[in-house]
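Okay, here's what each chain looks like letter by letter:
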Amino acid sequence: MTSDPRESGPVPERDWDRAVELVSAAGEVALACHISPDADALGSMLAVGMALRAEGKRVTASFGERRFRVPRLLRFLPGQDLLVEPGAYPTAPELMMTFDVPIADRLGTLAVNAGKTRELVVIDHHASNTGFGTLNLVDPAAAATAVLAEELLVRLGLPIGEEVATCLYAGLVTDTGSFRYSSTTPEAHVMAARLLATGLNPEQIAREVWDRSPFGYLRVLGTALDRAVLEPSTGPGLVWTFVTREDRAAQGLPYDEVEGIIDVVRRTDEADVAVILKEDDDGAWQVSTRSKGAVDVARVCAALGGGGHARAAGFTSHLSVERTMDSLRALL
Ligand SMILES: [Mn+2]
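Reading the values: rules and limits
Residues numbered from 1 in each chain as written. Predicted model: local features only at pLDDT ≥ 70, side-chain atom pairs only at ≥ 80, totals over all residues. Pairing = 2+ DSSP bridges. Helix = DSSP H or I, 4+ residues; strand = E, 2+ residues; numbered from the N terminus. Axes fitted to C-alpha atoms, helices over the stretch in contact; angles between N-to-C directions. Core = buried A, V, L, I, M, F, W, Y, C linked by C-beta atoms within 7 Å. Buried ≥ 20, exposed ≤ 12 C-beta atoms within 10 Å, placed from the backbone. Contact = placed C-beta atoms within 7 Å. UniProt positions renumbered as here; feature names shortened; annotations may be inferred.

Going by the annotation in an unreviewed UniProt entry, the name recorded for the chain is Phosphoesterase RecJ-like protein, with Streptosporangium saharense given as the source organism.

What follows is the structure in C-alpha cells.
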C-alpha cells in the first residue's frame, strides 16, 4: 500500500468522461457515504444530490447504519430531505455513487445494495481506497472528497449555488482542519474562495462543526483528560485516553458528541501519536488515532481491521481497553 499521494496521480480524463456519461444518462441516482459520516462524506453526498435533483433526476441518499441518525453537528447541512433510512434505499439501483468510502465495508448495510448495482461510481480521496467500484474517481492528493465532488459538478455543467457550496465547504474546511493540515494546498484555498463567492456563511459553518456542544460535553471532556496517559517511550511517543458509555450516559451525551476530544489530546508535545477509545452504544470501542507524521497511522489501523489517512485513522475493537492498547503498542 502506498501512502504517498504523488505516486497515484489525479483521476484520468477518460474516467471523468465516463462518469459524466453515466450520470447524464441516468434518470435515477442512489448516493451513499460512509457510516458514522463526517462533514466531508455527508457534505459531498448532499452537494451532489442537491445539484442532480435540481437537474430533474430522482435522487436517494443514505448511509448504511442500523441506527440511522445524522450526527447533531451535521444537521445544519442543507439537502437532508434527500436522506432515506437504509431500509428504504433502492435494492438494486441502476447507478450508485459513493462518497469518501475507501472500502465496501464502510458502506455498512448498503454494501449489499452496492453489490447489486449495475454501475458503482466511487468518489474518494483515501490513499487506501481499494477501487471497489465499476468506476473509481479516486485522488489521494485531493484535500477532501468535496474537491472531487465539486469537479464532477463542474464537468456536468451544473451550477453550484449557496446550498451546494455550503455542503462542499463543510467537507473542505473539516478535512483540512480549517486549512491547517498538510492537505492544505493552494488549490484548497482557491476552491474555498470559489465557494465563499456564492455567499455562504463560513462563521456559521465553523461554529456548527467545531465551536458548540451541550454542557455535558465539558464534564466528559474533563473525565477523558483526567484519564489521559503519556507514554514517551512507546514508539515516537504516545498519549491516549478513553471515554465509556457510562461517562456519556451520566451527562446524557450521544456518541457523536465526543468526536472532538481527540483534537485536545493530540496537542501533547511529548507524543507523536494520540489515541482515544470511545465506547459506542453497542459496547464496541471506536478507536481514533492521530499522528504528527513519524508514524503512518493508516497502516497501523489497517493492521487492526480499520483504515483512514496517514495522519488520521481509526478502527473498531471488541477487546478490552487494555488489550486494545496492547495490540496498538505492538504496532507502534
Ligand atoms: Mn474525507
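Back to the text.
S.K.: Help me understand the sheet that holds strand S9 (residues 285–291), please; the structure alone is not making it clear to me.
M.R.: By definition, the strands of a sheet pair up through backbone hydrogen bonds, in either a parallel or an antiparallel sense. Overall, mixed pairing links the six strands, which are arranged S6-S7-S8-S9-S11-S10 in an open sheet. Each end of this open sheet is capped by a strand with a single partner; those strands are strand S6 (229–231) and strand S10 (307–309). Adjacent strand axes in the sheet meet at a mean angle of 20°, parallel and antiparallel pairs treated alike.

S.K.: Would you explain the nonpolar core in this entry?
M.R.: Among the nonpolar cores identified, the biggest contains 66 residues, and Leu31, Val48, Ala149, Leu168, Tyr169 and Leu172 are the most heavily contacted of them. In terms of residue count, the dominant contributor to this core is helix H2 (residues 39–54) (ten residues). Those residues in contact with Ala149, other than ones at most four positions away along the chain, are Ser44, Ala47, Val48, Phe99, Ile123 and Leu168. Grouped together as the second largest cluster of nonpolar side chains are 31 residues, Ala224, Phe242, Ala274 and Val287 included.

S.K.: What should I look at first to understand the environment of Pro232 in this one?
M.R.: Mapped onto the elements, Pro232 comes out in the loop between S6 and strand S7 (238–243). Of the residues examined, Pro232 has 12 C-beta atoms within 10 Å and is grouped as exposed. As a C-alpha pair, Pro232 and Asp272 span 40 residues in sequence and 9.1 Å in three-dimensional space. Once residues lying within four places of it in the same chain are set aside, the contact partners of Pro232 are Gly237 and Glu270.

S.K.: Where do I start with unusual backbone geometry in this structure?
M.R.: The phi angle of most residues is negative, glycine excepted, and most peptide bonds adopt the trans form. Even without being glycine, Ser36 reaches a positive phi, approximately 45°. Among the structural elements, Ser36 can be located in the loop between strand S1 (28–33) and H2. Within the chain, Asp100 stands out as a residue other than glycine whose phi angle is a positive 65°. Within the secondary structure layout, Asp100 lies in the loop between strand S3 (95–99) and helix H3 (110–116). You can call Asp100 buried: it has 29 C-beta atoms within 10 Å.

S.K.: Looking at this structure, I do not really get the UniProt feature "domain: DHHA1" (unreviewed entry) in the chain. What am I missing?
M.R.: In the numbering adopted here, UniProt assigns the feature "domain: DHHA1" (unreviewed entry) to residues 252–319. Each end of residues 252–319 is marked by a C-alpha atom, and these two atoms are 25 Å apart; helix forms 18% of the span and strand 34%.

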